[in-house]
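Each chain, written out:
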Amino acid sequence: MTSKKAATYGENLIVGRKLGHHLPRIASGDADDNWVADDDDSRAQREEEEARNERKRWREQRLERRAAIKPRALPEPAGSSVVNPDGVAGIPGRLKFSRDKVPNSPTSSSLPSSSLPSARYTRGLWADTQRHLIQAYEYLCHVGEAQQWIEGCLGEELGFGVVDMEESLRNGVVLAKLVRVFQGEAVVRRIYEAPKLDFRHSDNINYFFNFVRHVGLPESFIFELTDLYEKKNLPKVIYCIHALSHLLSRRGLAERIGNLVGHLQFSDDQLQKTQKGLKDAGVPMPNFGDVGRELALEINEEPEETEEEIRYRLLQESEPSIIAVQTLSRGYLARKAQATQTARLQLAQRYIVRAQAQGRAILVRREIESLRKQQTNLIPWAVALQSAARAYCLRRRWLAWIRHIRARSQSVVKIQAQIRGVLVRRRQAVLNTAVQRCVFSITKMQAQARARIARRKQDQLMKVFSTPKVFGSIVGLQAAARGALQRLATTRQLHALDRLEGSIIALQAQAKGVLVRRRIGTQLAKLEDVTDIAVRIQAAVRTFLARKRLLMLIRGLRKATPVVVILQARARANLARHQHKALNKTLTRVEVVKSVGGFQALARAALTRNRHREQIKRLEFSLPDVVGFQAVAYGFLVRREWHAWRDHIRRSHSVASALQALFRGVLQRRKFREKMRYYRANLDKVVKIQSLFRAKETRDQYRQLTMGTNVSVGTIKNFVHLLDDSENDFQEEMDLERMRKQVVERIRENQALENDVSDLDVKIALVVHNVKTFDELVKARRKFGADTAAAHASRASVLAAHGDPFAGPSTLDHSAKRKLELYQQLFYLLQSRGEYLGRLFLEMSSDNVPEKNRRLLERVVLTLFGYGQDRREDYLLLKLFQFSITEEFGSAKTIDDVVHGHPMYINIALHYIRPKQTTHLRETLQPLIREVIAADDLDLEVDPKQIYRAQVELEEMRSGRATAKPKDITFTDALNDPITRPEYIRHLQVLRWWAERFVTAITESTRKMPYAIRFLARETLAALKNKFPDAPEEAYAACVGRLVFYRYINPAIITPETFEIVSNTVDIGSRKNLAQISKVLAQVTSGSEFGDDMPSYIPINEYVKKAIAQFTVWLFEVAVVPDAETQFHAHEFLDATVQPKPIYISPNEVYAMHGLLAQHLEKLGPAREDPLRVILHELDGVPHFGNEELKDARDRAITLELTNRFAHVGDPRAEEKTLWVQAKRTVLAILRVQPGKDLVESLMQPVSDGHETMWEDILESEMESDHRLRHPRRMPSTAAQESAYRLEDIRQLSFREVKAHAIFFLLELEKQGKITRDDGYQGILNAIAHDVRSKHLMRLQRQQEIENMADALQHLTERKKYFEEQINSYNSYVEVAMATMQRGKSKKRIIMPFTKQYFHLRDLQKSGKTPQFGSFKYSAQDLYDRGILLSIDQFSPRQFDKLNVVISSNQLGSFTVELFNSALGITNRVGNADIRLEDLLQAQYQDRASLSLFNGLAKFNLNLLLYQINKK
């Protein structure tokens, strides 16, 4: 079958196959019945011809465009590309939808676009219409892909087209044939085929359902029967086929489905019909593009790469090469275009120069002509002069008006002020009148309200403050508060002064400056009065001093003039001579001559520049006059021209406005047409770009949500719906709760059935052994039988008669109801506060505690926490274990006490972990253990003496004669035996090999290990390091290893059948082998090597030392897990937000637990105000167990709800966490109504009526959703003082109030330094993103819990069935035994007359006290002689003849034994006692030899007394 399928299937479904080539003609419906697929050559020729026609058409269009371009315009660059206007980008072969084509009009192509009257209405929705048609087209392509894949699997073509495939699949024939291909005819024996659709076709579809579930397709991909049979959701059917192809491709059973989008063609009618069918069905379209990825997520495998991902990855890998090629190509094209342009410019250069010259000449002539016209025309000058005159007159009038206004401005202001005052006084008078009318009522109402509120607050405060402890605390708190407030006020003043220090200093500086300026101004004012005099005095003084200095200088120069002149002349001569000589020497050199020439040139240039500067200076000197004249002339000309244009425009204002409007309209319409033409030409590209952009944006936002640190507001808004509980979430939660309840009930039922089976087994064994009456057994059968409605009513009546609080809600009085509430509060307290049970564990761990009480406590604790089947109970149980470990290790004196201790919490933890432990150990150790058991010749005995003895016995068995060798020899002799020694070495080698394999398997299963055992290891290690900080690492590892290996792993190795690792009982040899492996692993776990006490294991100490190091590292790795709060997302609001689950417990267990708590109350709650002590005090003692009937009625389990009485949350960060929760809720509400670029923008937006309406709509939709889902409300807290932990319901607030609350919460968090406005309050957005991620993790965890619950329920159901079968077999045995007894009791007992028994019965008949089941009188001497009576205190055996013993029974299973003394002729009763047959059998079961009666007065032989009773 496989070879045939492979031969017909081919390498690929798309390329290289002829199957599926008919899909285009089937899809379009254009071909006839004799259609034959074209071969590759003809198709290639046709494509080449189409390409040539396309190029020819493009060349013609290009020539037309070139002819329409002006001569001076440049042609297009050589590198411009050609785009096919009829194609779709990215999908070759697919025709695009155009706006110009009107839907449902085959002749629309021949009509103009605006010829139809409804054209504008049709085009108004053209984008939506084309988008819907694209959706229908893609869906039909996916249907074609499914058909092509099915044809490839079947190896034949189907007889229908793509459009008809949905209808053809309804009978299931094609699906059944597909299943037969993969599973053969043994599974699909007969396929029902009929021309008409009937119910028998569902068998064909069921074949497909069984197949897809057999191959492991997730349920989310499988459609319902009605989806296909009744056409309710046909896209889901096609989606299932796509998913199946991907799954089979992963398994290597089939090829993956192909991609035909863009390869098929359909008519408009077919697309319209398909789109109408999809719209009428009203079902969502599956995401066919991501089916492979979604399937991989469902089956927990790596997703396969799609073609786009492969293409994207290859492009990313080749990005440098592509960039280099693009760079070279652009360079080549640019150079080529530049060369072409340069060549064209060179060819047209002479024409360009001529054209430029002609253009310049035309412009010059035009300017000269306009200048001449302006000079000859005086109208503008006259107009400008008139305008200037008008402007001057207008300015004069305007200035006069301004002066008039300013002169009367004060009067106008006063009048306005008086008018405003009159209006304000009138409004105030009206308001005062209205207030005075109702002031009495308002004042009275306010006074009453204030008084009532004040009295209520005063009463509450007085109640609280009346206690001395609270009073002292309040006084201290007030003192501390006053001090804190005073310090806070001082600190605020200092901070305010520090902040205003700069302003104060500036103010002081300004004040000082004002004062100084005032003084200087005063002095300057005084000086201004004598300024002229001071100036004249200063001028005269300066003149006198200057003349004096000048006269002194002249006198000095006159005296030294002759000498100075002579000296200067001689010095100048010497210097001139020396300079002349040096100059002559220098000038004689050639290079100097050249330098001199250059210097002279520079000198001339400098002179020229100097002259130029002088000229510029002269021009600059006259520049103001020239500029002023030019400015006046220019201003006059410009004003004249401007006035002319202004008057012209004023005269033509309406015409200019109309022309401007028309021109703007033309420009806008042109731009709009160009834009729309561009959009129509690239509609497919626009759609694809939009889809790619949206997909990319969504991926980026999702990546930012899952991995980013700073999440944007848009991301939060797009994914905030993930925080809402959908109907699926609610249904899963309800299913999980229902299954959890069933699991807990089934566990309790199985425990009860197991105990019943054990009790029945023991009682039947005792009956057989002691010939016990079967009445007790019948009673036990009734007790352990089914619980009928009558039995339930009977139990309720018994409980109600005794005032039991668990009788039922309809039979409770006030006291019983109060007791029920107290028990609910008691067990809630035990569940939520683990310190009580932890201390009780410590008390119950002592040796003097009865085993019955320990078993009771274990059973009640597991029941209280629901066997850890819920997140809350799981978390609380682990916290109980954490506290128990701390208490247990805190009481240990040495680390050896911890290693060798047997704490009680370990047994409870193992029962709690057992379901997950079984799964983990079965996956880890099952292959190894089965391999050990399957090895028949495997023998791991390493004791040389046992090996030697086995060799001797084997030799005797083979020879048939006794050997002369001794069987019992020493260890040394056995080791030196030549036959035993090699066998011993081989056993050690094999044992070491097996131990290595077990160690490897265990150490590699860390990730699969349940979290609970790893958490216990973590807490054990932490408690050890805290209690014994100086202990070595090996000691820590030994303690953790004793928990992890000895308690958790080792039982599965020793008894694998109890962990469902093997199905049958393990034989003795395999069990010995497993015990040897366990012994080596236990030694490795202990952290020490084998010693002299086990010499046979010493040779493998080298391996043991190596394994110890490996195991130590592994044990520390096991202890590395997050804490319980992180694992279960627990917080201080857990009890306030999560409803506690009820527990299923019997009243007897409740009362027994009550007794244990009352017995150890001093250790559990030593404080007087302890909540446990308060509740037990209100319960007022343990109820009496009463008679057997009441005890039996209390044995049935009842549902006990848990309520919280002491809602004390002791988290110091509770207020901060409350702020976080409230801030997140209000921020989410704001983002739903007012989204913005960032959170600050959303907060700053004003609130309008539209926002309030939108908020009300959101609240209504949420309330409808809550009503539909019927969410259970959380348990209300009764603690009024803990208001900080109650989340305010924002549904009662308006949106304006919600926004105010959000701003308040954000500001409070900012004050605490948790968030800041500098980053736009990014911290709150990151917290919301974390909640979204946590919600997804919680959904995954819930799905995993549902699977675990289903597995546990299945195993418990099987175990319950086993116990019920055992009880039924016991009941059958009881029925047979009852029939036998009835036959035995039919004989009437004959009593001899005139005997002691005869007179005894006659006396009883006379007195009317004959027992129902008989009475027998014996002499004490007779019983003593037969050994039944052993002794009677105060009487010797010689006096036994005067004593009589009467044994009678008036109740089934109960006997009365009386002792009478007739020594003095008077019969006196010495004592009497009531004994139960069940007590006698239990005493015999406990191997007791004698029985004391009458308060120890008489002693009987227990076995002979039982024999005597059974005999009679």
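Residues numbered from 1 in each chain as written. Predicted model: local features only at pLDDT ≥ 70, side-chain atom pairs only at ≥ 80, totals over all residues. Heavy atoms only, no water.

### Here we look at the overall build of the protein chain
Scanning the protein chain from terminus to terminus reveals 55 helices and eleven strands. Out of the 1512 residues in the protein chain, the part that is buried amounts to 33%. Excluding contacts between residues fewer than 6 apart, the proportion of contacts in the protein chain whose partners are at least 24 apart in sequence is 71%. When the accessible surface of the protein chain is summed, it comes to about 96700 Å², and 56% of that surface belongs to carbon and sulfur atoms. (Helix = DSSP H or I, 4+ residues; strand = E, 2+ residues; numbered from the N terminus. Buried < 20%, exposed > 50% of the residue type's maximum accessible area, 1.4 Å probe, protein only. Contact = heavy atoms within 4.5 Å. Areas by Shrake-Rupley, 256 points an atom, 1.4 Å probe, with all protein chains shown as cover.)

### Some words on the sheet that holds strand β11 (residues 1498-1501)
Strand order in this open sheet of three strands is β6-β11-β10, and the pairing throughout is antiparallel. Each edge of the open sheet is held by one strand with a lone partner, namely β6 (1429-1432) and β10 (1490-1493). Averaged over all neighbouring strand pairs, the angle between strand axes comes to 20°, with direction disregarded. Direction of pairing for β10 relative to β11: antiparallel, over a ladder of four bridges. The residue of β11 that forms the bridge with Leu1493 is Ala1498. (Pairing = 2+ DSSP bridges. Axes fitted to C-alpha atoms, helices over the stretch in contact; angles between N-to-C directions.)

### Some details on the nonpolar core
One finds Leu826, Phe827, Leu830, Leu837, Phe998, Ile1049 and Leu1172 to be the most contacted residues of the largest nonpolar core, which totals 138 residues. It is helix α33 (residues 904-934) that contributes the most residues to this core, 13 residues altogether. Leaving out residues up to four positions away in the same chain, Leu837 has contacts with Leu830, Val861, Leu864, Phe865, Leu880 and Met1153. If you look at the next biggest cluster of nonpolar residues, it comprises 60 residues, including Ala146, Cys153, Leu154 and Phe208. (Core = buried A, V, L, I, M, F, W, Y, C linked by side-chain atoms within 4.5 Å.)

### Thoughts on a negative patch on the surface
Taken together, the side chains of Glu1256, Asp1257, Glu1260 and Glu1264 present a region of like negative charge at the surface. With respect to the helices, strands and loops of the structure, Glu1260 is situated in helix α49 (residues 1249-1269). (Patch = residues over 30% accessible without salt bridge, like charges linked within 9 Å, V, L, I, M, F, W, Y side chains within 5 Å. Salt bridge = Lys/Arg side-chain N within 4 Å of Asp/Glu carboxyl O. Lys, Arg positive; Asp, Glu negative; His and termini not counted. Charge placed at Lys NZ, Arg CZ, Asp CG, Glu CD.)

### A look at the sheet that holds strand β7 (residues 1443-1451)
The strand order across the open sheet formed by four strands is β5-β7-β8-β9, and the pairing between neighbours is antiparallel. Each having just a single partner strand, β5 (1415-1419) and β9 (1468-1476) make up the two edges of the open sheet. With strand direction ignored, the average angle separating the axes of adjacent strands in the sheet is 20°. Summarising the sheet, β5 and β7 pair through five bridges and their orientation is antiparallel. Looking across to β7, one finds that Lys1417 is bridged to Val1446.

### A look at unusual backbone geometry
In this structure, Phe1494 is a non-glycine residue whose phi angle is positive, near 55°. Counting through the fold element by element, Phe1494 comes out in the loop between β10 and β11. The buried category is assigned to Phe1494, whose relative accessible area is 9%. Positioned with a positive phi, Asn1495 is a non-glycine residue whose angle comes to about 60°. In this structure, Asn1495 sits in the loop between β10 and β11.

### Overview of the packing of helix α36 (residues 980-1003) against helix α39 (residues 1068-1086)
The contact between α36 and α39 brings their axes to 10 Å, and the two run at 65°. Between α36 and α39 the crossing geometry is right-handed. Taking contact as the criterion, the partners of Leu991, Trp994, Ala995, Phe998, Val999 and Ile1002 in α36 are, on α39, Gln1076, Ile1077, Val1080 and Leu1081. For the contact of α36 with α39, the per-class residue count stands at nine nonpolar, one polar and no charged. (Left-handed = near helix turned anticlockwise from the far one by under 90°. Nonpolar A, V, L, I, M, F, W, Y, C, P; charged D, E, K, R; others polar.)

### Brief notes about the environment of Leu1161
Here Leu1161 shows up in helix α44 (residues 1161-1164). The residues contacting Leu1161, other than those within four sequence positions of it, are Pro1166, Leu1172, Arg1173 and Leu1176.

### A few points about the pairing of strand β8 (residues 1454-1461)
One face of the sheet, then the other: side chains in a regular strand alternate in exactly this way. In terms of residue burial, β8 counts as a mostly covered element, since seven of its eight residues are buried. As judged from the eight bridges shared by β8 and β9, these two strands associate in the antiparallel manner. In the strand pairing of β9, Thr1456 is matched with Asp1474.

### Here's the deal with helix α38 (residues 1033-1054)
The largest bend in α38 is about 35°, located at Gly1041. Within α38, 16 of the 22 residues are buried, leaving the element largely enclosed by the surrounding structure. (Bend = angle between axes of the 7 residues up to and from the residue.)

### What about the packing of aromatic side chains?
What the rule picks out here adds up to 16 aromatic pairs. Ring centres of Tyr239 and Phe288 lie 5.7 Å apart, and the angle between their planes is 80°; on these two criteria the pair is classed as edge-to-face. Here Tyr239 is found in helix α10 (residues 234-251), whereas its partner Phe288 is found in the loop between α11 (268-281) and α12 (291-298), with 49 residues between them in sequence. This pair shows no difference in class: Tyr239 is buried, exactly as Phe288 is. A connected cluster of aromatic rings, assembled from ring pairs, spans Phe208, Phe209 and Phe223. Here the guanidinium or amino end of Arg1042 rests over the ring plane of Tyr1046, the centre of that ring lying 4.6 Å away. (Phe/Tyr/Trp six-rings, centres within 6.5 Å; stacked < 30°, edge-to-face > 60°. Lys NZ or Arg CZ within 6 Å of the ring centre and 35° of its normal.)

### Here's the deal with a nonpolar patch on the surface
Side chains of Val516, Ile520, Leu524, Leu527, Val530, Ile533, Ile537, Val541, Phe544 and Leu545 sit close together on the surface and give an oily, nonpolar patch of about 880 Å² of accessible area. Counting only elements with at least two residues in the nonpolar patch, the list comes to α19 (501-529) and α20 (531-587). The leading source of residues in the nonpolar patch is α20, at five residues. Tracing the backbone through its elements, the reader meets Leu545 in helix α20. A residue is classified by how much of its surface remains accessible, and Leu545, at 40% relative accessible area, is partly exposed.

### A short note on the environment of Ser1454
In this structure, Ser1454 sits in strand β8. Given the relative accessible area of 18%, Ser1454 is considered buried. Considering only alpha carbons, one finds Ser1454 and Glu1478, 24 residues apart in sequence, at a separation of 8.6 Å. Residues in contact with Ser1454, not counting those within four places in the same chain, are Ser1448, Ser1449, Ile1475 and Arg1476.

### Description of the confidence of the model for the protein chain
This prediction gives the protein chain a mean pLDDT of 76; 80% of its residues lie at or above 70. Per-residue pLDDT stays below 50 along residues 1207-1211; that stretch engages in ten contacts with residues further than four places along the chain or on separate chains. When the criterion is pLDDT under 50, residues 1381-1387 qualifies, and its contacts beyond four places in sequence or with other chains add up to three contacts. (pLDDT = per-residue confidence, 0-100.)

### Examining the pattern of salt bridges
Here the structure, examined in full by the defined rule, presents 24 salt bridges. As a salt-bridge pair, Glu931 and Arg997 come within 3.1 Å of each other at their nearest N and O atoms. Of this pair, Glu931 sits in helix α33 while Arg997 sits in helix α36, placing them 66 residues apart in sequence. By relative accessible area, Glu931 is classed as partly exposed at 35%. Here the residues in one salt-bridge network are Glu167, Arg170 and Lys231, joined through shared partners.

### Considering the packing of helix α43 (residues 1147-1159) against helix α45 (residues 1171-1179)
Two elements in contact, α43 and α45, have axes whose closest approach is 11 Å; the angle formed by their N-to-C orientations is 120°. Classified by the angle between their axes, α43 and α45 sit oblique to one another. Once α43 is placed against α45, the crossing between them reads as left-handed. Between α43 and α45, the residues in contact are His1154, Leu1157 and Ala1158 and Leu1172, Leu1176 and Leu1179, respectively. Along the lines of polarity and charge, the residues of the contact of α43 with α45 split into five nonpolar, one polar and no charged. (Parallel < 35°, antiparallel > 145°, perpendicular 65-115°, else oblique.)

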